[in-house]
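Reading the structure
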Amino acid sequence: MFYGLFYKLLGINIFKYITFRLVYATITAILSGFFIYPKLKKFLNHLQFEQTIKEYMPENHKKKHVPTMGGVLIISAFLISVLLWNKWNNLFVWLAIMAICGFGLIGFVDDYIKAKLKNPEGLSEKRKFLSQIIVAFAISVILYASGFSTVLYFPVFKNLHVDLGIFFILWSVIVIVGSSNAVNLTDGLDGLAIGPVITTSLVLLVYAYVAGNVKFSTYLHLPYVAGAGELSIVCGAVIGASLVFLWFNAYPAEVFMGDVGSLALGALLGTVAVIIKQEFILAIAGGIFVLETLSVIIQRYYFKYTRKKFGQGKRVFLMAPLHHHFEKKGWEEPKITVRFWIISILLALLSLSFLKIR
């Protein structure tokens, strides 16, 4: 691997430090992304991979003629960075790669059906969900079979631990698939989803670094996970790749993330959270994703309930997910995006504050 080669040839000890490698993993992802983007956009335009807008979407979305599958940029820049700066003998790193590539492939198929075959519905919900479960199940089983701790930890309540045993696999699948779909639901406005992805990744970066350091984890009363420090480099690569994408995805977007990006990023965040034992921190830091998902669940089930009870379905929100509700209320797209980013930053700060609760 890159840093190992330098260490052996030059004897430079700095390459063995996680802090050094995560900084340069972030920089590498940024530089790789800027190099890849022009070629990727040309390729997408040539193939006419343009986002197909559903009929019920707000009118301003139907005016957009933007190529999709920008998530390929994120995944490519991420992989280059991780393979250069991470230790290749770390199981957690390969599970993170498995998550982003596996879910990215599912998203790619979905995007291809939407963009190339001009079917706005894409892959059927059942097929997409089943595919997600299969990949998440494989990740969870590998983790479980490796002898990974099955104990579930709770923030604030430092002495509250629950050993899930074999049910750890089910819990892990729920977190990974749920996180993947939550990010996917949030990806509806220019730059909206990628902002919270960056802030959430930053939070997980800090927790991964602490989890992989026995002194820090003991001092802060957090679970120690040997080898988890490498995931802070993974998170750095996510942040770098996401920043490059945001450069081109900020309003007005030049490229859309597509399901190839949103499904992959959500799954990666969920996988990292499971490994470092911070699933609940993920829910807090990624609160925007949780709110967007809850808005869809509430809308769907309230509509079904009222239709069954009164013969006519009623809605809680003007439109779900939540960001479309505010669009219907007349908010401009950039205002919604920036305000959601602000909330995401506040939730990230709240998540980091739990590091000092003893």
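Above this text is the structure in question.
What comes next is a walk through the structure. Each chain has its residues counted from 1, following the order in which its sequence is written. In view of the model being predicted, local features appear only for residues whose pLDDT reaches at least 70, and side-chain atom pairs are presented and counted only at 80 or more, with totals across whole chains, interfaces and linings using the full set of residues. Hydrogens and water molecules were not included; the side-chain quantities draw on all heavy atoms of the structure.

1. Topic: the overall build of the protein
- In this text, helices come from DSSP runs of H or I with a minimum length of four residues, and strands from runs of E with a minimum of two, each type numbered from the N-terminal end. The number of helices and strands found in the protein is 15 helices and two strands.
- Rg of the C-alpha trace for the protein: 20 Å, near the compact-globule value of 21 Å for 358 residues, within the 12% margin.
- Each principal axis of the C-alpha distribution contributes one length, and for the protein these read about 65 × 50 × 35 Å.
- For every residue, the accessible area (1.4 Å probe, protein chains only) is compared with the maximum for its type, and the residue is labelled buried under 20%, exposed over 50%, or partly exposed between those bounds. Within the protein, the fraction of its 358 residues that count as buried is 52%.
- In this description, contact between two residues means that some pair of their heavy atoms is separated by no more than 4.5 Å. Summarising the internal contacts of the protein: among those between residues at least 6 apart in sequence, 75% fall at separations of at least 24.
- For accessible areas, the Shrake-Rupley method is used with a probe of radius 1.4 Å. Any residue's cover is judged against the shown protein chains and nothing else. As presented, the protein carries roughly 16,900 Å² of accessible surface, and 68% of it is formed by carbon and sulfur atoms. Only the C-alpha atoms count toward the radius of gyration. The rule for a globule is 2.2 Å times the residue count to the power 0.38.

2. Re the side chain of Lys114
- Relative to the elements of secondary structure, Lys114 occurs in helix H5 (residues 91-115).
- We define a polar contact as two N or O atoms separated by no more than 3.5 Å, with the added condition that, inside protein, one atom must be a possible hydrogen donor and the other a possible acceptor, whereas residues neighbouring each other in sequence contribute only through side-chain atom pairs. Within polar-contact distance, the side chain of Lys114 engages the side chain of Asp259 at 3.3 Å.

3. Notes on the packing of H5 against helix H6 (residues 125-145)
- The geometry of H5 relative to H6 is characterised by a closest axis approach of 10 Å and an angle of 170° between their N-to-C directions. Overall, the two elements H5 and H6 adopt an arrangement that is roughly antiparallel. The segment H5 lies against H6, with Leu91, Phe92, Leu95, Met98, Ala99, Gly102, Phe103, Ile106 and Asp110 engaging Lys128, Ser131, Gln132, Val135, Ala136, Ala138, Ile139, Ile142 and Leu143.
- Residue composition of the contact of H5 with H6, by class: 13 nonpolar, three polar and two charged. Fitted lines through C-alpha atoms give the axes, limited to the stretch in contact for helices. The angle between two N-to-C directions lies from 0 to 180 degrees. Throughout this description, any angle smaller than 35 degrees is read as roughly parallel, any larger than 145 degrees as roughly antiparallel, any in the 65 to 115 degree range as roughly perpendicular, and the remainder as oblique. Gly is placed with the polar residues, together with every amino acid not listed as nonpolar (Ala, Val, Leu, Ile, Met, Phe, Trp, Tyr, Cys and Pro) or charged (Asp, Glu, Lys and Arg).

4. A look at the nonpolar core
- What we call a nonpolar core is a set of buried Ala, Val, Leu, Ile, Met, Phe, Trp, Tyr and Cys residues that are connected through their side-chain atoms within 4.5 Å. Counting residues in each nonpolar core, the largest one holds 90 residues, and the members touching the most others are Phe78, Leu231 and Ile276.
- When residues in this core are grouped by element, the largest group, twelve residues, is from helix H10 (residues 230-249).
- Sequence-distant contacts of Leu231, that is, excluding residues within four places in its chain, are made with Phe92, Val93, Ala96, Ala208, Val272, Ile275 and Ile276.
- Among the nonpolar cores identified, the runner-up in size contains eight residues, and Leu189, Ile288, Phe326 and Phe340 belong to it.

5. Remarks on a nonpolar patch on the surface
- Side chains of Val290, Leu294, Ile297, Ile298, Tyr301, Tyr302, Tyr305, Phe310 and Val316 sit close together on the surface and give an oily, nonpolar patch of about 850 Å² of accessible area.
- Turning to its location among the elements, Tyr305 is positioned in helix H13 (residues 287-310). Patch definition: residues with relative accessible area over 30% and no salt bridge; like charges joined within 9 Å; nonpolar side chains (Val, Leu, Ile, Met, Phe, Trp, Tyr) joined within 5 Å. For this document, the term salt bridge refers to a Lys or Arg side-chain nitrogen within 4 Å of an Asp or Glu carboxyl oxygen.

6. A short note on the environment of Phe148
- Tracing the chain through its elements places Phe148 in the loop between H6 and strand S1 (151-153).
- Taking the C-alpha atoms as reference points, Phe148 and Met69, separated by 79 residues in sequence, lie 34 Å from one another.
- Ignoring sequence-local partners within four residues, the contact set of Phe148 consists of Phe92, Leu143, Phe168, Val225, Val274, Ile275 and Lys277.

7. Quick look at helix H15 (residues 333-353)
- Any helix carries an expected span of 1.5 Å times its number of residues minus one. For H15, with 21 residues, the first-to-last C-alpha span of 31 Å sits near the 30 Å given by 1.5 Å per residue.
- Where H15 is concerned, the buried positions are Glu333, Ile336, Thr337, Phe340, Ser344, Leu347, Ala348 and Ser351. Looking down the long axis of H15, one finds its buried residues gathered within 110° of arc, a one-sided arrangement. In H15, the exposed positions angled more than 90 degrees off the buried face are occupied by Leu346 and Leu349. The arc in question is the one spanned by the directions pointing from the helix axis to the C-beta atoms.

8. Overview of the pattern of salt bridges
- One pass over the structure, following the stated rule, counts seven salt bridges.
- A salt bridge links Lys114 to Asp110; the shortest N-O distance between them is 3.2 Å. Here Lys114 and its partner Asp110 are both found in helix H5, four residues apart, which amounts to about one turn of the helix. The same class applies to Lys114 as to Asp110, namely buried.

9. Some thoughts on the environment of Ala250
- Looking at the element boundaries, Ala250 is found in the loop between H10 and helix H11 (258-275).
- Residue Ala250 is classed as partly exposed on the basis of its relative accessible area of 30%.
- When the C-alpha atoms of Ala250 and Leu192 are compared, they prove to be 8.5 Å apart, with 58 residues separating the residues in sequence.

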